[in-house]
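Tertiary structure, described
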Amino acid sequence: MTDSPAASNGDRDVLQDPHARVRAVFDDWADRGRAEGMETGHAFSARAGFERLALEAGAHYLDIGCGNGYTVRWAAEVVGAEGRAVGIDLSPNMVERARTLSSGLANVQFHEAAFPNHALPREAFAGIFSMEVLYYLPDVGAALAEICRLLVPGGRFACVVDYYRENEASHSWPDDLGVAMNLLSMAGWRGAFEEAGLTVLEQTCLQYPLEAGKEPGWKQSQGSLMTVGQRPAAGHDPDAG
(Lines give C-alpha, C1' and ligand atoms only; values in the text may rest on other atoms or scores of the structure.)
Protein backbone atom coordinates (compact mmCIF):
# COMPACT_ATOMS: atom_id res chain seq x y z
CA MET A 1 0.00 0.00 0.00
CA THR A 2 1.24 3.49 -0.81
CA ASP A 3 -0.63 5.35 1.93
CA SER A 4 -1.10 4.65 5.62
CA PRO A 5 -4.20 4.49 7.84
CA ALA A 6 -5.50 7.84 9.00
CA ALA A 7 -6.62 6.65 12.39
CA SER A 8 -6.35 3.75 14.79
CA ASN A 9 -8.74 2.57 17.49
CA GLY A 10 -7.36 1.15 20.69
CA ASP A 11 -10.68 -0.04 22.01
CA ARG A 12 -10.49 -3.55 23.46
CA ASP A 13 -13.38 -4.85 21.37
CA VAL A 14 -11.75 -3.61 18.18
CA LEU A 15 -8.50 -5.32 19.09
CA GLN A 16 -10.46 -8.57 19.36
CA ASP A 17 -12.62 -7.88 16.29
CA PRO A 18 -11.45 -5.06 13.97
CA HIS A 19 -14.96 -4.91 12.48
CA ALA A 20 -16.82 -4.49 15.79
CA ARG A 21 -17.03 -0.69 15.86
CA VAL A 22 -18.00 -0.41 12.18
CA ARG A 23 -20.67 -3.09 12.65
CA ALA A 24 -22.09 -1.20 15.63
CA VAL A 25 -22.21 2.08 13.69
CA PHE A 26 -24.06 0.59 10.73
CA ASP A 27 -26.44 -1.44 12.89
CA ASP A 28 -27.37 1.82 14.60
CA TRP A 29 -27.80 3.61 11.27
CA ALA A 30 -30.07 0.85 9.99
CA ASP A 31 -32.19 1.09 13.15
CA ARG A 32 -32.51 4.87 12.75
CA GLY A 33 -33.47 4.79 9.06
CA ARG A 34 -30.19 6.13 7.76
CA ALA A 35 -29.89 3.30 5.23
CA GLU A 36 -32.54 4.94 3.08
CA GLY A 37 -30.84 8.30 3.59
CA MET A 38 -27.58 6.85 2.25
CA GLU A 39 -29.45 5.40 -0.72
CA THR A 40 -30.76 8.86 -1.58
CA GLY A 41 -27.55 10.71 -0.76
CA HIS A 42 -25.29 8.37 -2.71
CA ALA A 43 -27.59 7.77 -5.67
CA PHE A 44 -25.78 10.09 -8.09
CA SER A 45 -22.29 8.62 -7.66
CA ALA A 46 -23.51 5.08 -7.00
CA ARG A 47 -25.44 5.04 -10.26
CA ALA A 48 -22.40 6.33 -12.14
CA GLY A 49 -20.20 3.55 -10.76
CA PHE A 50 -22.87 0.92 -11.29
CA GLU A 51 -23.30 1.87 -14.93
CA ARG A 52 -19.54 1.52 -15.54
CA LEU A 53 -19.93 -2.23 -14.90
CA ALA A 54 -21.94 -2.61 -18.12
CA LEU A 55 -23.87 -5.60 -16.76
CA GLU A 56 -25.70 -7.85 -19.19
CA ALA A 57 -28.66 -10.19 -18.85
CA GLY A 58 -27.65 -13.44 -17.14
CA ALA A 59 -24.64 -11.92 -15.36
CA HIS A 60 -23.81 -12.33 -11.67
CA TYR A 61 -23.35 -9.13 -9.64
CA LEU A 62 -21.98 -8.40 -6.16
CA ASP A 63 -22.25 -5.32 -3.93
CA ILE A 64 -19.69 -5.27 -1.10
CA GLY A 65 -21.17 -3.32 1.79
CA CYS A 66 -24.63 -3.34 0.25
CA GLY A 67 -26.48 -1.46 3.01
CA ASN A 68 -30.21 -1.70 2.32
CA GLY A 69 -29.51 -3.43 -0.98
CA TYR A 70 -30.48 -0.67 -3.39
CA THR A 71 -27.82 -1.45 -6.03
CA VAL A 72 -28.63 -5.15 -5.72
CA ARG A 73 -32.17 -4.31 -6.72
CA TRP A 74 -30.85 -2.24 -9.63
CA ALA A 75 -28.77 -5.21 -10.74
CA ALA A 76 -31.63 -7.69 -10.31
CA GLU A 77 -33.60 -5.77 -12.92
CA VAL A 78 -30.66 -5.69 -15.36
CA VAL A 79 -29.46 -9.29 -15.09
CA GLY A 80 -32.94 -10.79 -15.16
CA ALA A 81 -34.18 -14.19 -14.14
CA GLU A 82 -31.11 -16.00 -15.49
CA GLY A 83 -28.72 -13.79 -13.54
CA ARG A 84 -27.96 -13.32 -9.88
CA ALA A 85 -27.63 -10.15 -7.79
CA VAL A 86 -25.84 -10.57 -4.46
CA GLY A 87 -25.19 -8.24 -1.55
CA ILE A 88 -22.82 -8.68 1.37
CA ASP A 89 -22.69 -6.53 4.51
CA LEU A 90 -21.16 -6.94 7.95
CA SER A 91 -24.20 -5.34 9.65
CA PRO A 92 -26.96 -7.84 10.46
CA ASN A 93 -29.46 -4.99 10.72
CA MET A 94 -28.54 -3.72 7.26
CA VAL A 95 -28.85 -7.23 5.83
CA GLU A 96 -32.25 -7.65 7.45
CA ARG A 97 -33.36 -4.32 5.97
CA ALA A 98 -32.07 -5.33 2.53
CA ARG A 99 -33.94 -8.63 2.63
CA THR A 100 -37.15 -6.90 3.66
CA LEU A 101 -36.94 -4.31 0.88
CA SER A 102 -36.03 -6.98 -1.69
CA SER A 103 -38.67 -9.54 -0.80
CA GLY A 104 -40.31 -10.99 -3.86
CA LEU A 105 -37.18 -10.75 -6.01
CA ALA A 106 -36.20 -14.32 -6.81
CA ASN A 107 -32.77 -13.50 -8.23
CA VAL A 108 -31.30 -11.73 -5.20
CA GLN A 109 -29.29 -12.98 -2.23
CA PHE A 110 -27.90 -11.23 0.84
CA HIS A 111 -25.11 -12.47 3.09
CA GLU A 112 -23.99 -11.21 6.49
CA ALA A 113 -20.20 -11.25 6.50
CA ALA A 114 -17.21 -8.97 7.03
CA PHE A 115 -15.43 -8.86 3.71
CA PRO A 116 -13.06 -10.40 2.68
CA ASN A 117 -14.27 -13.22 4.96
CA HIS A 118 -17.08 -14.83 3.00
CA ALA A 119 -18.33 -18.03 1.38
CA LEU A 120 -18.84 -16.67 -2.13
CA PRO A 121 -17.53 -18.56 -5.16
CA ARG A 122 -14.47 -17.21 -6.92
CA GLU A 123 -14.47 -16.28 -10.61
CA ALA A 124 -18.25 -15.94 -10.42
CA PHE A 125 -19.07 -12.23 -10.83
CA ALA A 126 -19.08 -10.16 -14.00
CA GLY A 127 -19.48 -6.96 -12.00
CA ILE A 128 -18.64 -5.98 -8.42
CA PHE A 129 -19.49 -2.63 -6.84
CA SER A 130 -18.65 -0.95 -3.54
CA MET A 131 -19.86 2.42 -2.26
CA GLU A 132 -18.19 4.05 0.73
CA VAL A 133 -16.92 0.78 2.22
CA LEU A 134 -13.37 -0.28 1.38
CA TYR A 135 -11.59 2.33 3.50
CA TYR A 136 -13.21 0.81 6.61
CA LEU A 137 -11.50 -2.55 6.02
CA PRO A 138 -8.34 -3.31 8.00
CA ASP A 139 -6.39 -4.40 4.89
CA VAL A 140 -7.50 -2.65 1.70
CA GLY A 141 -4.92 -4.47 -0.40
CA ALA A 142 -6.10 -7.90 0.71
CA ALA A 143 -9.71 -6.91 0.00
CA LEU A 144 -8.86 -5.75 -3.52
CA ALA A 145 -6.92 -8.95 -4.22
CA GLU A 146 -9.95 -10.98 -3.14
CA ILE A 147 -12.20 -8.87 -5.36
CA CYS A 148 -9.93 -9.68 -8.30
CA ARG A 149 -10.31 -13.39 -7.51
CA LEU A 150 -14.10 -13.10 -7.32
CA LEU A 151 -14.35 -11.54 -10.78
CA VAL A 152 -14.61 -13.57 -13.94
CA PRO A 153 -11.76 -12.86 -16.37
CA GLY A 154 -12.64 -9.54 -17.95
CA GLY A 155 -15.03 -8.66 -15.10
CA ARG A 156 -15.14 -5.15 -13.68
CA PHE A 157 -15.02 -3.61 -10.21
CA ALA A 158 -16.27 -0.07 -9.52
CA CYS A 159 -15.29 1.52 -6.21
CA VAL A 160 -16.66 4.88 -5.04
CA VAL A 161 -15.33 6.62 -1.92
CA ASP A 162 -15.85 10.05 -0.40
CA TYR A 163 -13.06 9.66 2.17
CA TYR A 164 -9.78 10.18 0.34
CA ARG A 165 -6.74 12.38 0.75
CA GLU A 166 -7.65 15.04 -1.81
CA ASN A 167 -11.06 15.58 -0.17
CA GLU A 168 -9.98 17.54 2.89
CA ALA A 169 -13.58 17.95 4.04
CA SER A 170 -13.66 14.23 4.85
CA HIS A 171 -10.54 14.06 7.01
CA SER A 172 -12.36 14.49 10.33
CA TRP A 173 -14.65 11.49 9.75
CA PRO A 174 -12.61 8.88 11.70
CA ASP A 175 -12.70 11.09 14.80
CA ASP A 176 -16.35 12.02 14.21
CA LEU A 177 -17.41 8.36 14.10
CA GLY A 178 -14.77 6.85 16.36
CA VAL A 179 -13.89 4.41 13.58
CA ALA A 180 -10.49 3.61 12.03
CA MET A 181 -10.30 4.39 8.31
CA ASN A 182 -7.61 4.05 5.67
CA LEU A 183 -6.89 7.42 4.05
CA LEU A 184 -5.58 6.88 0.52
CA SER A 185 -4.86 9.42 -2.19
CA MET A 186 -6.15 9.08 -5.74
CA ALA A 187 -2.75 7.72 -6.71
CA GLY A 188 -2.88 5.41 -3.70
CA TRP A 189 -6.17 3.88 -4.82
CA ARG A 190 -4.86 3.44 -8.35
CA GLY A 191 -1.72 1.76 -7.05
CA ALA A 192 -3.70 -0.51 -4.74
CA PHE A 193 -5.89 -1.64 -7.64
CA GLU A 194 -2.85 -2.40 -9.76
CA GLU A 195 -1.05 -4.24 -6.95
CA ALA A 196 -4.14 -6.46 -6.58
CA GLY A 197 -4.05 -7.40 -10.26
CA LEU A 198 -6.77 -5.03 -11.49
CA THR A 199 -6.21 -2.90 -14.57
CA VAL A 200 -7.51 0.62 -13.93
CA LEU A 201 -9.90 1.58 -16.71
CA GLU A 202 -11.02 4.91 -15.27
CA GLN A 203 -10.48 7.14 -12.27
CA THR A 204 -12.36 10.38 -11.81
CA CYS A 205 -14.02 12.64 -9.26
CA LEU A 206 -17.80 12.65 -9.65
CA GLN A 207 -19.08 16.13 -8.86
CA TYR A 208 -22.71 16.23 -7.83
CA PRO A 209 -25.19 18.66 -9.37
CA LEU A 210 -26.23 21.45 -7.04
CA GLU A 211 -29.67 20.97 -5.53
CA ALA A 212 -32.06 23.88 -5.75
CA GLY A 213 -31.94 26.13 -2.70
CA LYS A 214 -28.68 24.68 -1.35
CA GLU A 215 -25.19 26.15 -1.11
CA PRO A 216 -22.37 24.31 -2.94
CA GLY A 217 -20.14 22.09 -0.80
CA TRP A 218 -17.44 19.48 -1.20
CA LYS A 219 -19.72 17.28 -3.33
CA GLN A 220 -19.73 20.00 -5.96
CA SER A 221 -16.13 21.22 -5.59
CA GLN A 222 -14.31 17.91 -4.99
CA GLY A 223 -16.81 15.12 -5.43
CA SER A 224 -16.75 11.37 -4.92
CA LEU A 225 -13.72 9.42 -6.11
CA MET A 226 -14.61 6.62 -8.53
CA THR A 227 -12.03 4.04 -9.57
CA VAL A 228 -12.99 1.35 -12.07
CA GLY A 229 -10.80 -1.71 -12.52
CA GLN A 230 -10.93 -4.85 -14.61
CA ARG A 231 -9.58 -8.30 -14.04
CA PRO A 232 -7.40 -9.18 -17.04
CA ALA A 233 -8.72 -11.67 -19.54
CA ALA A 234 -8.23 -15.41 -19.20
CA GLY A 235 -4.66 -16.51 -18.80
CA HIS A 236 -3.75 -14.20 -15.90
CA ASP A 237 -3.69 -15.72 -12.42
CA PRO A 238 -4.32 -13.00 -9.78
CA ASP A 239 -2.71 -15.24 -7.14
CA ALA A 240 0.52 -15.05 -9.12
CA GLY A 241 0.80 -11.27 -8.50
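Before reading on, note that the structure itself is shown above.
The structure reproduced in this document is the subject of the present report. The numbers attached to residues start from 1 for each chain and follow its sequence in the written order. With the structure being a predicted model, the display of local features is reserved for residues of pLDDT at least 70 and the display and counting of side-chain atom pairs for 80 or more, all residues being used for whole-chain, interface and lining totals. Think of the side-chain values as coming from all heavy atoms in the structure, minus any hydrogens and water.

A run of H or I in DSSP counts as a helix once it spans at least four residues, and a run of E counts as a strand once it spans at least two, with each numbered from the N terminus. Helices and strands together make up the secondary structure of the chain, namely 9 helices and 7 strands. In terms of overall size, the chain behaves like a compact globule, its C-alpha atoms giving a radius of gyration of 17 Å where 241 residues would be expected to give roughly 18 Å. Remark: exposure states derive from per-residue accessible area (1.4 Å probe, protein chains only) relative to the maximum for the residue type, with buried under 20%, exposed over 50%, and partly exposed in between. Scored against the burial criterion, the 241 residues of the chain give a buried share of 49%. Here, two residues are considered to be in contact whenever any of their heavy atoms come within 4.5 Å of each other. Considering only residue pairs separated by 6 or more positions, the chain has 72% of its internal contacts joining residues 24 or more positions apart. Of the roughly 10,800 Å² that the chain leaves accessible, carbon and sulfur atoms contribute 47%. The centroid of the 19 positive side-chain charges in the chain is displaced by 2 Å from the centroid of its 33 negative side-chain charges. Our radius of gyration looks at C-alpha atoms and nothing else; its globule reference is 2.2 Å times the residue count to the power 0.38. In this description, accessible areas are obtained by the Shrake-Rupley approach with a 1.4 Å probe, and a residue is regarded as covered only by the protein chains that are shown. Positive charges come from Lys and Arg alone, negative charges from Asp and Glu alone, with His and the N- and C-terminal ends not counted. Charge positions come from single atoms, namely NZ of Lys, CZ of Arg, CG of Asp or CD of Glu.

What characterises a pair of aromatic rings is the spacing of the ring centres plus the angle enclosed by the ring planes. Two aromatic rings from Phe, Tyr or Trp, using only the six-membered ring of Trp, form a pair when their centres are within 6.5 Å; if the ring planes differ by under 30 degrees the pair is stacked, by over 60 it is edge-to-face, and anything between is tilted. Tallied over the entire structure, the rule returns 11 aromatic pairs. Both rings, one in Phe-44 and one in Tyr-208, keep their centres 4.9 Å apart while their planes meet at 50 degrees; by these two values the pair is tilted. Within this pair, whereas Phe-44 is found in helix α3 (residues 34-52), its partner Tyr-208 is found in the loop between β6 (199-206) and α9 (218-221), the two being separated by 164 residues in sequence. Assessed through its relative accessible area of 37%, Phe-44 is described here as partly exposed. Ring plane angle 25 degrees and centroid distance 6.3 Å describe the contact between Tyr-163 and Trp-173, whose orientation is recorded as stacked. Within this pair, whereas Tyr-163 is found in the loop between β5 (151-161) and α7 (173-177), its partner Trp-173 is found in helix α7, the two being separated by 10 residues in sequence. For Tyr-163, a relative accessible area of 0% translates into the label buried. Connected via pairs of aromatic rings, a cluster forms that spans Phe-26, Trp-29, Tyr-135, Tyr-136, Tyr-163, Trp-173 and Trp-218. The ring of Trp-74 has Arg-47 sitting right over it, with the charged end atom 3.8 Å from the ring centre. Only when the NZ of Lys or the CZ of Arg is both within 6 Å of the ring centre and within 35 degrees of the ring normal is a charge said to sit over the ring.

With that settled, the discussion passes to the packing of α3 against helix α4 (residues 70-79). All axes here are fitted lines through C-alpha atoms, helices being fitted over the stretch that makes contact, and every angle between N-to-C directions spans 0 to 180 degrees. Direction vectors running N to C along α3 and α4 enclose 45 degrees, while the axes themselves pass 10 Å from each other. By the criterion of interaxial angle, the relationship of α3 to α4 is oblique. Our pair here, α3 against α4, has a crossing hand that is right-handed. Within the contact between the two elements, α3 uses Met-38, Glu-39, His-42, Ala-43, Ala-46, Arg-47 and Phe-50 and α4 uses Tyr-70, Thr-71, Arg-73, Trp-74, Ala-75 and Val-78. Under the grouping applied here, Gly and all other residues not named as nonpolar or charged are polar, the nonpolar ones being Ala, Val, Leu, Ile, Met, Phe, Trp, Tyr, Cys and Pro and the charged ones Asp, Glu, Lys and Arg. For the contact of α3 with α4, the per-class residue count stands at 8 nonpolar, 2 polar and 3 charged. For this classification, under 35 degrees means roughly parallel, over 145 means roughly antiparallel, 65 to 115 means roughly perpendicular, and everything else is oblique. Handedness of a crossing is defined here by the sense of rotation of the near helix relative to the far one, left-handed for an anticlockwise turn of less than a right angle and right-handed for a clockwise turn.

Further remarks concern helix α5 (residues 92-101). Of all the positions in α5, only Met-94, Val-95 and Ala-98 are classed as buried. Each buried residue of α5 lies within a common arc of 100 degrees when the element is viewed along its axis, so the set occupies one face. Where α5 is buried, its residues touch α2 (20-31), α3, α4, β2 (84-89) and β3 (108-112). The directions from the helix axis to the C-beta atoms are what the arc is built from.

This part covers α3. Structurally, the α-helix is built with 3.6 residues per turn, so residues lying three or four positions apart point the same way. A helix is expected to reach a length of 1.5 Å times the quantity of its residues less one. Its 19 residues place the ends of α3 26 Å apart at the C-alpha level, agreeing with the 27 Å of an ideal helix rising 1.5 Å per residue. When the local axis directions of α3 are compared, the greatest deviation, roughly 65 degrees, occurs at Ala-43. Taken as a whole, α3 has its buried residues at Ala-35, Met-38, His-42, Ser-45, Ala-46, Ala-48, Gly-49 and Phe-50. With its phi angle positive at about 50 degrees, Ala-54 sits one or two positions after the end of α3. Note on bend: at a given residue it equals the angle between the axes fitted to the 7 residues ending there and to the 7 starting there.

Across soluble globular proteins, you tend to see nonpolar side chains buried next to one another. Core analysis: the largest hydrophobic core is formed by 49 residues, its most contacted members being Leu-62, Ile-128, Leu-144, Ile-147, Phe-157 and Trp-189. At the level of elements, α2, α3, β1 (60-64), β2, β4 (125-131), α6 (140-150), β5 and α8 (186-195) are the ones that each hand at least two residues to this core. Counting 26 residues, the second-largest nonpolar core is a separate cluster that includes Leu-55, Val-72, Ala-98 and Ala-158. The definition of a nonpolar core used throughout is a set of buried Ala, Val, Leu, Ile, Met, Phe, Trp, Tyr and Cys residues joined through side-chain atoms within 4.5 Å.

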